[in-house]
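Examination of the molecular architecture
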Amino acid sequence: MLSRRTFVSWLSGFGAALGIGVRARTSEAKAKDASKVASQAPPLDQATVTPLAEAVLPGELGAGFARVSRGFTQWINDYRAGAELVHPYGSTNLQRTGESPVGRWRTQLAQLDRDAQTNHHKAFGALTRDQRREIVVSALGTERTNRMPDPLDAGHVALALVAWYFAQPEAANLCYQAKIDRNQCRPLVNAPRQPLPLVDGRRSMGDGRS
Amino acid sequence: MSARVIETDVCIVGSGITAAMVAEKLADERNVRVVVVEAGDDMPPVQDWYRLRKRFLDYGESPWPSDHLDDASVEGIQSRSMCVGGLAMHWGGVTPRFSPEDFQLKSSCGVGDDWPITYDDLDPFYQEAEERMGVSGEQGPADIDPRGKAFPLPKLPLSYNLEQLHGWVSGAGIPMWSQPSAKNSVPYKGRSACCRNDTCTPICPVGAKYSPDATWRTLRSGKQVTLLTRTLVRRLVLAAGTDRIEVAQAVSRDRPAEPIEIRARTFVVAGGYVWSSHLLLLSQSTRFPNGLANKSGLVGKYLTGHRNVSGFVSLPLKLYPGLNEQHSLVSKHFMRKPRYDRYLRHDLRVWESAVDKGPRLRNDANELMLGDAILGDWRDRTKTGTARVRCYYDVTPARDSELTLDASRKNALGDPLPKLAWRDAESSRELRGWQEDQIKALFESLARAGNGRLIRTASDSFQDHPAGGCRMGKDASTGVVDSWGRAFEHQNLFVVGAPTMVSGSCANGTLTFCALSLRSAAEIGKEFPGKRM
């Protein structure tokens, strides 16, 4: 596993709070095989993710579900298996990213659709938000996750989407109703000021003017 | 095959932060030719850093791919970094000075050993290191944070969160201030000001944090300094019948069958706490069967550092995690003469934190939450804030806290690899439990002072900012090198930076590594004609 130094501040903050992006995911040998798998995997389609986002992400996103779904699919489609992970001070281990979860996620999305057909005779995307959520909760029935998982290691695409979204600076802004804009370039001179409230009360535009 | 011969005035082995300091000072002040030999590769240029940082944030990928040699691994604590710029390509940029007591531990505190220099001896070189790197800082109270001159750059401002936390610790009676850092608070030496991207470790995407590649870029554009990359120095060899080093024998990673000889008047080993001792031990000969500079048997001994105790404190303060997570408050309040009945000195740092305040999947009733429920739960739990607290405390090393050659593990060239074993002196072993309890008690008292709650603590066995292995001493019986880093047994051989430290203090070590290196460079430079300033 990654040792303390490199992620030390990040671990103390959102990284640890969210449990994301902080663990090595595979051994080097395994990752080399995974790289071949990933290169053959077709990308995840945003259209299949948006109905899920509408069901599992906060309603305050409003018209933002499609945008978030696009961000999520772009993120996972840009993933590279076999890439070297950061190796910090004091750690001799060299580790690499593991197999892309896209194939598994696509299967799970298809299963949600089949469950919707079975229960409601409609496609998953044609169901109401409550109906979709019911199907998702049922699918997550065997998940034992207590803390927010690393999206790449989440047992189900719904958890991956939730974990990924809540790790975004935008989600923190929404929670705090303030333009924190974590990890974005922000003038040093503004650091002592209390972050400004969100302009529209719903989401940050991420323009760096905290 | 005959060797390719390179002749120069000064040969520096390694291109990390201490090598950069030495090379730059020599080039600035002396008419001297310098060849720097680095086993690793160049790292990506600054224009690529935003892209590399994004992949780090998105996937945890290393922003410094290929920054190590696969066959240069070590048994024990080691950082896998062997590249142009070395480990300081992904350091945190935190630059406290040691305190005067660190240099006179035996005489002022009754533990460990005194260094052959004092804080006052090093003060001008601390200043020089701060100016060369660009350190933004705020001086603490002069009685606990002495310095000869002002910091070269204004302090990094405290974020809104740190201002709140400053009020908390001030109420507890502890003076704290903005952590001095090699991060530009204003543009400096062609590098931009910090803009709180907050990924200083492992990568500052704008180059506001000093890293040695900036120095190498400048030096390589001139004519005095040549940097050989992908070239591994395997041995230092003496001139026949003398104790002077004549040649650094090296091999190109691209043409391993072609040996390279670097001939110089002066050799500077700047390989950090692992590879410096390793090179001296590898450089065995008939006359020096235990390696160079090692008649006393001290090469590789007294590896040192500091351990830490950390904790998280829940406070009734509205904080906004993410404003500048890698910046902190610092105090030297506990670094000066011991404030406890038994020996304990430590620093204290305070950061903003999101621990215990992040979104979660299950509520207190263990019910799965999604969407609005997660957000609502998160909002409820972020009405108060969390502070991260940490103390480094110093550890007195045993003589056999050591680096040795491991005959069972060899690199691709057949050279034995290092093996590290960290051992406390008996006095430190006996004190450890009590010391860590005192620090945890301090965290408890801080929490109470803020009407808060200590969430958890952790003690780390890792010794941070590792150093030693070629410790300085007053003579050859107490050290490998003198206070200038010159080997007692070899007049033209210097070891610089971390390996020369006698003890590891209880604060981040890199600035001290650099100050010591600049002091060595001042001595090295005396053998070469000065430039008209």
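Residues numbered from 1 in each chain as written. Chains lettered and ligands numbered in written order. Predicted model: local features only at pLDDT ≥ 70, side-chain atom pairs only at ≥ 80, totals over all residues.

1. Quick word on the overall build of chain A
Helix and strand counts for chain A stand at nine helices and zero strands. Its helices and strands taken in sequence order, chain A reads α-α-α-α-α-α-α-α-α from the N to the C terminus. Evaluated residue by residue, chain A yields a buried proportion of 48% over its 210 residues. At a minimum sequence separation of 6, the contacts of chain A that also span at least 24 residues come to 56%. (Helix = DSSP H or I, 4+ residues; strand = E, 2+ residues; numbered from the N terminus. Buried ≥ 20, exposed ≤ 12 C-beta atoms within 10 Å, placed from the backbone. Contact = placed C-beta atoms within 7 Å.)

2. Re the interface of chain B and chain A
Contacts between chain B and chain A engage 60 residues on the former and 55 residues on the latter. Within the residue set of the side of chain B that touches chain A, elements represented by two or more residues are α2 (49–59), α5 (160–171), β12 (348–353), α8 (371–381) and β16 (453–469) of chain B. Of the residues forming the side of chain B that touches chain A, the biggest block, six residues, is contributed by α8(B). Residue composition of the side of chain B that touches chain A, grouped by class: 28 nonpolar, 18 polar and 14 charged. (Nonpolar A, V, L, I, M, F, W, Y, C, P; charged D, E, K, R; others polar.)

3. Side note on the packing of helix α4 (residues 46–56) of chain A against helix α7 (residues 129–139) of chain A
Residue and element names in this part refer to chain A. Following both chains from N to C, one finds α4 and α7 inclined at 95°, their axes separated by 8 Å at the closest point. Taken as axis vectors, α4 and α7 run roughly perpendicular relative to one another. Here Pro51, Glu54, Ala55 and Val56 of α4 lie close against α7, whose contacting residues are Arg129, Arg132, Arg133 and Val136. Looking at the contact of α4 with α7 residue by residue, the classes come out as four nonpolar, no polar and four charged. (Axes fitted to C-alpha atoms, helices over the stretch in contact; angles between N-to-C directions. Parallel < 35°, antiparallel > 145°, perpendicular 65-115°, else oblique.)

4. Describing the nonpolar core
The biggest cluster of nonpolar side chains holds 96 residues, and the ones touching the most others in it are B:Cys11, B:Ile12, B:Ala23 and B:Val268. Among all residues touching B:Cys11, those that are not within four sequence positions of it are B:Val35, B:Val37, B:Ala248, B:Ile262, B:Ala264, B:Phe267 and B:Val268. By size, the runner-up hydrophobic cluster in this structure holds 62 residues, among which are A:Leu127, A:Val136, B:Cys200 and B:Cys204. (Core = buried A, V, L, I, M, F, W, Y, C linked by C-beta atoms within 7 Å.)

5. What to know about the packing of helix α1 (residues 17–29) of chain B against helix α10 (residues 510–525) of chain B
Residue and element names in this part refer to chain B. Across the interface, α1 lies against α10 with an axial gap of 8 Å and an inter-helix angle of 35°. The two elements α1 and α10 cross, and the hand of that crossing is right-handed. Residues Ile17, Thr18, Met21, Val22, Lys25, Leu26 and Glu29 of α1 touch α10, and the partners they reach there are Thr510, Phe513, Cys514, Ser517, Leu518, Ser520, Ala521, Ile524 and Gly525. For the contact of α1 with α10, the class distribution of residues is nine nonpolar, five polar and two charged. (Left-handed = near helix turned anticlockwise from the far one by under 90°.)

6. Focus: the environment of B:Tyr188
All names here are of chain B. Along the chain, Tyr188 turns up in the loop between β4 (177–178) and α6 (212–220). For the pair formed by Tyr188 and Gly272, sequence separation is 84 residues and the distance between their alpha carbons is 27 Å. Leave out the neighbours within four places in its chain, and Tyr188 touches Gly134 and Leu153.

7. Overview of the confidence of the model for chain B
With 100% of its residues at a pLDDT of at least 70, chain B reaches an overall mean of 96. Quick note on the complex model: pTM equals 0.93, ipTM equals 0.93. (pLDDT = per-residue confidence, 0-100.)

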